[in-house]
Amino acid sequence: MLVVAVPWYWSSASTQQWIGMPVWALISIGASLGVSILVAWQLSRPWENEVDSEGRDQ
Amino acid sequence: MTNDLLPFGPVGLAFIGFYLCSLLAIGWLGYRRREASTMADFFLGGRSTGFVVLLLTLYATQYSGNTLFLFTGKAFRTGYWWLTSLHFMTAIVVFYLLLAPRLYHLSRRHRFVTPGDYLDRRFASGPMVLFATLLMVVAICNYLIGQMMAMGRALEGLTGASGDKAYICGVVLLTLVILIYESLGGFRAVVWTDAVQGILLLVGFALLLVMVLNRFGTLGEANRMLAADPETASLVAPPSSRQCVQWVSYILMVGIGGALYPQAVQRIYAARSAGTLRRSLAVMAFLPLTTTLVVIAVGVIARAHWSSIGTADAKDNAVLAIVCRDIQQSSLLGRLLVVVLFAAILAALMSTADSVLLSISSMVTKDIYGRFLRPNASEAHLTRVGKWITAVFLAAAAAIAIALRDTDLIKLLDRKFDLLVQMAPAFFIGLHWARLRSGPVFAGMIVGVAISLVLGYGVEGGKPWGLHPGLYGLAANVLIAVIGSRCNPPSPRHLAPSSDRIGAETRIFEKSMP
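Calculation criteria
- Residues numbered from 1 in each chain as written.
- Chains lettered and ligands numbered in written order.
- Predicted model: local features only at pLDDT ≥ 70, side-chain atom pairs only at ≥ 80, totals over all residues.
- Heavy atoms only, no water.
- Helix = DSSP H or I, 4+ residues; strand = E, 2+ residues; numbered from the N terminus.
- Buried < 20%, exposed > 50% of the residue type's maximum accessible area, 1.4 Å probe, protein only.
- Areas by Shrake-Rupley, 256 points an atom, 1.4 Å probe, with all protein chains shown as cover.
- Contact = heavy atoms within 4.5 Å.
- Buried area = accessible area lost by both parts, 1.4 Å probe.
- Salt bridge = Lys/Arg side-chain N within 4 Å of Asp/Glu carboxyl O.
- Polar contact = N/O pair within 3.5 Å; in protein donor to acceptor, adjacent residues only side chain to side chain.
- Nonpolar A, V, L, I, M, F, W, Y, C, P; charged D, E, K, R; others polar.
- Phe/Tyr/Trp six-rings, centres within 6.5 Å; stacked < 30°, edge-to-face > 60°.
- Expected span 1.5 Å × (residues − 1).
- Axes fitted to C-alpha atoms, helices over the stretch in contact; angles between N-to-C directions.
- Parallel < 35°, antiparallel > 145°, perpendicular 65-115°, else oblique.
- Left-handed = near helix turned anticlockwise from the far one by under 90°.

Colleague: Describe the overall build of chain A, and please don't skip the residues or the numbers.
Modeller: Along chain A, the regular secondary structure elements total 3 helices and 2 strands. Counting from the amino terminus, chain A carries its helices and strands in the arrangement α-β-β-α-α. A buried classification covers 43% of the 58 residues belonging to chain A. Accessible area for chain A stands at about 3,400 Å²; split by element, carbon and sulfur atoms hold 67% of it.

Here it is, written out as structure tokens:
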């Protein structure tokens, strides 16, 4: 995702726009959204030792 | 073009006054809800922070006054290049993933209060804990002073009083408010006020976007205007190769450093449960899209509208004030909305300052005073000392903020992350690799800090080849820590489960493995 998010593969002369936004910026923002979704999915699963930690708190 | 807001009328000042009084009331509620005179209760709220409060305190602490003031100015000056801020704010949550699961588990098992507690348990090296604690305190002290200077500047010119007087009154007034609620309620007061401030911030960002779109037009129009002007076309063009290197540098520096903020680490300890922490972080992963992206849009739209003023007339932290003044002048509703936005700006500054202050106070009390000066002191004594240390640090920070009124602290603030990232091997590698040894980690830390400071202050521009000096220091730091640990495996004595403290680094992993 970092590879897609950082726009190293675009020419500095590019002027393409889509819905009023530079296309490279839209792709970069999309990659950031992708990272957020991946992180949230990763965090939706219990961590190892989670049951142990919770049990200790009780 | 003037940078000051129009002075607030009685209604505006009453709203700000009500907001500040509500913070004091929350401090008193925190005092009433205290459960014991212990460090864990005062500095971590009894480790009982629930999902909503944890999310809002993480949010309010992570997004400081810099996000509103400096980020808008950066986007104004550099255009979409500043999209890197969206990525580095997201990267902080990514790096949390490497840290939080094990650190949370260990903090419950060993009752950690400060980041130094983890280092002591993991590496059992007094000098290293002292060095790391001083490093963290110095790094975030700059941050505290920076927030207090921004508080003074935020109130400057607002009441119509002369600049000096308003600045000093602003610093003193807000310092007193923070001191009262933090001394009364400790961590509980800080996170509850953070919750109010977090909500205000969310409302503020939404308001800012609506006001700017309504007043100046859409982002698409701004992009077209910028692209059509040869002087500003580069602001919407893709960054050059060198600028892409700077992007990566920012993402690594702020991502790693932001996850290692002591106040952020302590919020991991303070979560009521692992599930609570997981859910809060999952939502945090999306918040850069609702905050950082908003201020970038505001900066870009402002630049399209005011490209004539150029960048020389507009310092980074003045752009938002220029935008707000224009909105104030546009209508009565505009004036009222700016009052709410101003409260959000105060919220951003105060929520970061109070969290940083409590974190400094806990580290000085527990990791320096309690560990080295009074090792046998009771929890109640340490908690009392902690409150005094809070007052002393806050008073000193306020005095420095007043004395340095006309100084630019940006250079000092830049060094904050250079220092903080040198803790990365001890945390990120130390949590996952049992063979990492205290000696090489300590040596790596010292070398990393030295390289960062020499490059940061000795090289023109402070960023050799576009990379932050902290990354060069971190590379050397990691190499020394890893190679040194591989060449110096734990001796059988260190592995003995009965050894008192030296074997801690091995035992901790035996116990934490599933």
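Colleague: Can you tell me about the interface of chain B and chain A, naming the residues and giving the values?
Modeller: Opposite the 46 residues of chain B that make contact, chain A presents 38 residues. Interface area for chain B against chain A, summed over the two sides, is near 3,400 Å², with a carbon-plus-sulfur share of 68%. Our count for the contact surface shared by chain B and chain A stands at 0 salt bridges. At the junction of chain B and chain A, the tally comes to 7 residue pairs in polar contact (both at pLDDT 80 or more). Elements supplying a minimum of two residues to the side of chain B that touches chain A: helix H5 (84-110), helix H9 (219-228), helix H10 (241-259) and helix H12 (274-284) of chain B. If one sorts the elements of the side of chain B that touches chain A by residue count, H5(B) sits on top with 13 residues. Its residues assigned to classes, the side of chain B that touches chain A shows 30 nonpolar, 9 polar and 7 charged.

Colleague: Lay out unusual backbone geometry with the relevant residues and their values.
Modeller: Despite not being glycine, Ile19(A) shows a phi value in the positive range, around 40°. The exposure class of Ile19(A) is exposed, given its relative accessible area of 64%. One non-glycine residue, Trp465(B), lies in positive phi territory at about 55°. Tracing the chain through its elements places Trp465(B) in the loop between helix H20 (438-458) and helix H21 (469-487). The class for Trp465(B) is exposed, based on a relative accessible area of 70%.

Colleague: Quick rundown of the side chain of Ser85(B)? Include the residues and the values.
Modeller: Residue and element names in this part refer to chain B. Looking at the element boundaries, serine 85 is found in helix H5. Judged by its relative accessible area of 0%, serine 85 is buried. A distance of 2.7 Å separates a polar side-chain atom of serine 85 from the backbone oxygen of tryptophan 82.

Colleague: Please set out the packing of aromatic side chains residue by residue, giving values where relevant.
Modeller: Residues and elements named next belong to chain B. Under the counting rule described, the total for this entry stands at 20 aromatic pairs over all chains. Ring centres 5.8 Å apart and planes at 55° place the aromatic pair phenylalanine 112 and tyrosine 269 in the tilted group. Taken together, the positions of phenylalanine 112 in the loop between H5 and helix H6 (115-123) and tyrosine 269 in helix H11 (residues 262-270) put the pair 157 residues apart, joining distant regions of the chain. Like phenylalanine 112, the residue tyrosine 269 is buried in the burial classification. Between tyrosine 261 and phenylalanine 417 the ring centres are 5.6 Å apart and the planes differ by 40°, which places this aromatic pair in the tilted class.

Colleague: How would you explain the environment of Gly17(B) if you had to name every residue and give the values?
Modeller: Residues and elements named next belong to chain B. Structurally, glycine 17 can be placed in helix H1 (residues 10-32). Judged by relative accessible area, glycine 17 falls into the partly exposed class, the value being 28%. Considering only alpha carbons, one finds glycine 17 and leucine 56, 39 residues apart in sequence, at a separation of 22 Å.

Colleague: Describe H12(B), and please don't skip the residues or the numbers.
Modeller: Counting buried positions along H12(B) gives 9 out of 11 residues, so the element sits mostly inside the fold. Buried residues of H12(B): Ala274(B), Gly275(B), Thr276(B), Leu277(B), Arg278(B), Ser280(B), Leu281(B), Ala282(B) and Met284(B), and no others.

Colleague: Talk me through helix H17 (residues 379-403) of chain B; I want residue IDs and the actual numbers.
Modeller: Taking 1.5 Å of rise per residue, the 25 residues of H17(B) would be expected to cover 36 Å, and the 36 Å separating its terminal C-alpha atoms lies within 8% of that figure. Of the residues making up H17(B), those classed as buried are His381(B), Leu382(B), Thr383(B), Val385(B), Gly386(B), Ile389(B), Thr390(B), Leu394(B), Ala397(B), Ala398(B) and Ala401(B).

Colleague: Which residues make up the pattern of salt bridges, and what are the values?
Modeller: All names here are of chain B. Taken as a whole and judged by the stated rule, the model has 7 salt bridges over all chains. Taking the shortest distance from any N to any O, the salt bridge between aspartate 41 and arginine 188 comes out at 2.9 Å. Placement of aspartate 41 in helix H2 (residues 39-44) and of arginine 188 in helix H8 (residues 163-216) is noted, with a sequence separation of 147 residues between them. In terms of burial, aspartate 41 and arginine 188 fall into one category: buried.

Colleague: I'd like to hear about the packing of H5(B) against helix H14 (residues 292-305) of chain B, residue by residue, with values.
Modeller: Residues and elements named next belong to chain B. Packing of H5 against H14 leaves a shortest axis separation of 9 Å and a crossing angle of 165°. When the axis of H5 is compared with that of H14, the two are roughly antiparallel. Crossing angle aside, the handedness with which H5 passes H14 is right-handed. Residue-level contacts link Ser85, Leu86 and Met89 of H5 to Thr292, Leu293 and Ile296 of H14.

It is worth stressing that arrangement in space is one thing and function is another; only the former is reported here.
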